[in-house]
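If you want the building blocks of each chain, they are given just below.
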Amino acid sequence: QAILSAMLEHSDDDALQAMALGSLKVLSFDNIAKSTLRLKGTMSIVTDIMQKHIRNPTIQSEGCVILGNLAVDNANQFVFPVSEGVVHAVIRAMLNHPDSLEVHEATCFT
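Residues numbered from 1 in each chain as written. Predicted model: local features only at pLDDT ≥ 70, side-chain atom pairs only at ≥ 80, totals over all residues. Heavy atoms only, no water.

Draft legend 1. Spatial organisation of helix H3 (residues 31-39). Buried residues of H3: Ala33, Lys34 and Leu37, and no others. On an axial view of H3, the arc spanned by its buried residues comes to 105°, and they lie on one face. With respect to the buried face of H3, the exposed residues turned more than 90 degrees away are Ile32 and Leu39. The inward-facing, buried residues of H3 abut helix H2 (14-27), helix H4 (42-52), helix H5 (57-71) and strand S1 (72-73). One or two residues past the end of H3 sits Gly41, with phi positive at roughly 80°. (Buried < 20%, exposed > 50% of the residue type's maximum accessible area, 1.4 Å probe, protein only. Helix = DSSP H or I, 4+ residues; strand = E, 2+ residues; numbered from the N terminus. Arc of directions from axis to C-beta. Contact = heavy atoms within 4.5 Å.)

Draft legend 2. Local environment of the packing of aromatic side chains. A complete count under the given rule lists one aromatic pair for this structure. Ring centres of Phe78 and Phe80 lie 4.9 Å apart, and the angle between their planes is 85°; this geometry places the pair in the edge-to-face category. We classify Phe78 as partly exposed; its relative accessible area is 40%. By relative accessible area, Phe80 is classed as partly exposed at 26%. (Phe/Tyr/Trp six-rings, centres within 6.5 Å; stacked < 30°, edge-to-face > 60°.)

What follows is the structure, given as structure tokens:
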């Protein structure tokens, strides 16, 4: 919750967002943490941050990994439906960073 609160409170801070997304990315690989992150509205927050920092490739790639991880429940072999906003965030990341291998790799696994 502290990470998400900091992201919302300091939404204009590129460096904070990149670090926060890096932390969320690590958590998003854990099945128990995924459940909590989904309940806290993490997908929506990440999508909003990606839109706000569209020119930052680190934020775009980290965001895509998080969105992809939260959309899949590996333990139960289930894919959660995602909002149109999530789909648009991934597409915008690709279109705004055509030369970034890091962004494109992240979007391909989303």
